[in-house]
Amino acid sequence: MKPIQHTPDSSGLEPARPVKNELLEARVAGVRNASLAEKRREQICDAALELFLQKGFASTTIRDICARSGVNQASIYDYISNKNDILRRLLNRLWFRSGAPSLPDLLEQHPENSLQDNVAFYLKEFWSKRRKGTLLAYRTVPHLTKEDRKTMRARDEQLISRLAESIGDLTQLPENDPRTLVVANLVLFMASFGPLRDWLHQDLDNDLVADTVAAAIVAMIENLARYSPEQ
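To start, this report covers the structure provided alongside it.

### As for the pattern of salt bridges
- Inspection of every chain in the model, using the stated rule, returns 12 salt bridges.
- For Lys55, the salt bridge goes to Asp64, with nearest N and O atoms at 2.8 Å.
- Residue Glu157 is joined to Arg153 by a salt bridge in which the shortest nitrogen-to-oxygen separation is 3.1 Å. Separated by four residues within a single helix, Glu157 and Arg153 lie in helix α7 (residues 146–171), roughly one turn from each other.
- For Glu157, a relative accessible area of 33% translates into the label partly exposed.
- Salt bridges sharing common partners tie together Glu25, Asp85 and Arg89.

### So, the nonpolar core
- Counting 30 residues, the largest nonpolar core has Tyr122 and Leu123 as its most contacted members.
- Within the residue set of this core, elements represented by two or more residues are α4 (103–109), α5 (115–129), α7, α8 (179–193) and α9 (206–224).
- Not counting residues within four places of it along the chain, the set of residues in contact with Tyr122 comprises Pro101, Ser102, Leu103, Leu106, Val187, Leu188 and Ala191.
- Core analysis: the next-biggest nonpolar cluster, separate from the first, contains 27 residues, Phe57, Ile65, Ile86 and Leu87 among them.

### A word on the packing of helix α1 (residues 34–55) against helix α6 (residues 131–140)
- Between α1 and α6, whose axes approach to 10 Å, the crossing angle comes to 55 degrees. Between α1 and α6, the crossing angle belongs to the class labelled oblique. α6 is crossed by α1, and the crossing has left-handed handedness. Across the interface between the two elements, Leu49, Phe52 and Leu53 from α1 touch Lys132, Leu135, Leu136 and Arg139 from α6.
- Its residues assigned to classes, the contact of α1 with α6 shows five nonpolar, no polar and two charged.

### Considerations on the layout of surface pockets
- Counted as a void, the largest pocket has a volume near 510 Å³.
- Looking at the largest pocket, it is lined by 18 residues, and the ones nearest its centre are Trp95, Met152, Arg153, Asp156 and Phe193.
- At the level of secondary structure, the elements contributing two or more residues to the lining of the largest pocket comprise α6, α7 and α8.
- At six residues, α7 tops the list of elements feeding residues into the lining of the largest pocket.
- For the lining of the largest pocket, a count of residues per class yields 10 nonpolar, three polar and five charged.

### Some points on helix α2 (residues 62–69)
- Buried within α2 we find Ile62, Ile65, Cys66 and Ser69. One face of α2 carries all of its buried residues, which in axial projection span an arc of 100 degrees. Turned more than 90 degrees off the buried face of α2, the exposed positions are Arg63 and Ala67.
- Contacts made by the buried residues of α2 are with α1 and α3 (83–96).
- One or two positions beyond α2, positive phi appears at Gly70, with a value near 85 degrees.

Parameters at a glance
Residues numbered from 1 in each chain as written. Predicted model: local features only at pLDDT ≥ 70, side-chain atom pairs only at ≥ 80, totals over all residues. Heavy atoms only, no water. Salt bridge = Lys/Arg side-chain N within 4 Å of Asp/Glu carboxyl O. Helix = DSSP H or I, 4+ residues; strand = E, 2+ residues; numbered from the N terminus. Buried < 20%, exposed > 50% of the residue type's maximum accessible area, 1.4 Å probe, protein only. Core = buried A, V, L, I, M, F, W, Y, C linked by side-chain atoms within 4.5 Å. Contact = heavy atoms within 4.5 Å. Axes fitted to C-alpha atoms, helices over the stretch in contact; angles between N-to-C directions. Parallel < 35°, antiparallel > 145°, perpendicular 65-115°, else oblique. Left-handed = near helix turned anticlockwise from the far one by under 90°. Nonpolar A, V, L, I, M, F, W, Y, C, P; charged D, E, K, R; others polar. 1 Å grid on protein atoms, 1.4 Å probe; cavity = no way out; pocket = protein on both sides within 12 Å on 5 of 7 lines; lining within 4 Å. Points joined across faces, edges and corners; volume = space filled by probe spheres on them. Arc of directions from axis to C-beta.

Function cannot be inferred from these measures alone, as they are strictly geometric.
Here it is in structure tokens:
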């Protein structure tokens, strides 16, 4: 397989529209000391994350968050707007800005590596750096506003589109072959929901799990190039 060379719209999708890089956080200026405000917000968000994952978003109250964070209930609104604002800040930190690389970026930046090595590294990074963000997103989607859900969906659609384009380049499939989009969606699903299934393999080595899943993904991609949709 040759290194990735991007060509526009090889996935068959319309050119991706610009998407927001993260969710819109409320502007709260109750405290002029910026470093103090950031420190308090971090306390609040850290406490809220634990509670959201333990009790659920709906069952967690502002009073619970204050008790866990140590921030006085009378002053908490100097730092955050409401519970949904806390959720947005957490998703921005753990989901949008997790630091986990995308697979298309890895393929572009490290063409010297085998496809399986790049996929395995991608899975390990995704599962470690986006674990809490994925858990949080999965459990709180029903409580997100319509606009926030739209932003998160658009971000995923952009990632799927880019990965479908990469798969098309790797396999040299005809332009607009819809199977690249199907496989790209599946790869992102496996990366996103792998952490939710780790109770099934708690006693297995993480590298073994990632390498095994990566081998399965590579097999899917390689087989796309061997068969036409009719076959």
